[in-house]
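Chains, contacts and geometry: an overview
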Amino acid sequence: MMRANAEVLIVEDDAETLDELRAHFSRKRFHPLATRSAAHAVAALRNNAESTRPVLAVVDWDLSKAPDQTLTSSDVLSLLARELSDCLTIVYSANIDSFRVRSEIHRAHPRAWLHDKRDGDLSLIERVERMLDPTVEDLRIKDGSVVLHLPTMAEHHHREAVRLVVHYPEMVTFHSDTATKAVRRFGQWLNTRGSRVAVVSHGNRKYRLAPRP
């Protein structure tokens, strides 16, 4: 079976914190796209628009220590909101209580979750794990990056499968033939396991998970 670990975008200007978050997500079998600057994050997303589709983004609001100051966290959030709307996005800041900061974040990405940086990295990691730990009928996400079929304990390792489970029962648009092939393989895997859910196509590369009748 083809494997492709789910990607997480991490934008954090403190090198030590960035390394800690990168190491954590690597242990969870994610593929971390980690950068200290907004400019590098935007370039990575734009230059690989079809192949780079993070399921999660963790963005530090204050990037004042970034080595490249040409773009800001608002630029990253606006791109995520416009072009990667199915990417779960958390913005964390030590000034999260500020009305101005909340307003600016909301303007850049109306659907972003906010997290107080003063609560520490462990609090952030625990929140991410809760977000990426859904159970859908007889499926569960394991370690953030693997779909587990609970009755058989069989594992499916592909980021597009994770995306469908995380967004159940919403529809997800996939942006390449490679991604849609992976979705169809996941559907076949569910059929083989006798899962209580199935992959449903809505045309134009739109799919969702739905309970079997």
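Residues numbered from 1 in each chain as written. Predicted model: local features only at pLDDT ≥ 70, side-chain atom pairs only at ≥ 80, totals over all residues. Heavy atoms only, no water.

With an unreviewed UniProt entry as reference, the protein is termed Response regulatory domain-containing protein, source organism Candidatus Aeolococcus gillhamiae.

**Describing the overall build of the protein**
Broken down by element type, the protein carries seven helices and twelve strands. Rg of the C-alpha trace for the protein: 17 Å, near the compact-globule value of 17 Å for 213 residues, within the 12% margin. Its C-alpha atoms give the protein principal-axis dimensions of roughly 50 × 35 × 30 Å. When the 213 residues of the protein are sorted by exposure, 51% land in the buried category. By sequence separation, contacts in the protein at least 24 residues apart represent 63% of the contacts at least 6 residues apart. Entry remark: accessible area of the protein is about 10100 Å², with carbon and sulfur atoms responsible for 48%. (Helix = DSSP H or I, 4+ residues; strand = E, 2+ residues; numbered from the N terminus. Rg over C-alpha atoms; globule rule 2.2 N^0.38 Å. Buried < 20%, exposed > 50% of the residue type's maximum accessible area, 1.4 Å probe, protein only. Contact = heavy atoms within 4.5 Å. Areas by Shrake-Rupley, 256 points an atom, 1.4 Å probe, with all protein chains shown as cover.)

**Here's the deal with the packing of helix α2 (residues 38–47) against helix α3 (residues 73–83)**
Their axes nearest at 8 Å, the elements α2 and α3 cross at an angle of 20 degrees. Relative to α3, the element α2 lies roughly parallel. In the crossing of α2 with α3, the sense of the turn from one axis to the other is left-handed. Residues A38, A41, V42, L45 and R46 of α2 lie in contact with α3, whose contacting residues are S73, D75, V76, L79, L80 and R82. (Axes fitted to C-alpha atoms, helices over the stretch in contact; angles between N-to-C directions. Parallel < 35°, antiparallel > 145°, perpendicular 65-115°, else oblique. Left-handed = near helix turned anticlockwise from the far one by under 90°.)

**Re the UniProt feature "modified residue: 4-aspartylphosphate" (unreviewed entry) in the protein**
The UniProt entry lists D60 under the feature "modified residue: 4-aspartylphosphate" (unreviewed entry), expressed in the numbering used here. Summarising the element assignment, D60 is placed in strand β3 (residues 56–60). Its relative accessible area of 2% is what places D60 among the buried residues. Setting aside residues up to four positions removed in sequence, D60 forms contacts with V11, E12, D13, S73, Y92 and K117. (UniProt positions renumbered as here; feature names shortened; annotations may be inferred.)

**Focus: helix α5 (residues 121–131)**
Within the sequence span of α5, burial applies to S123, L124, I125, R127, V128 and M131. On its buried face, α5 is in contact with α1 (15–27), β3, β4 (88–93) and β5 (113–116).

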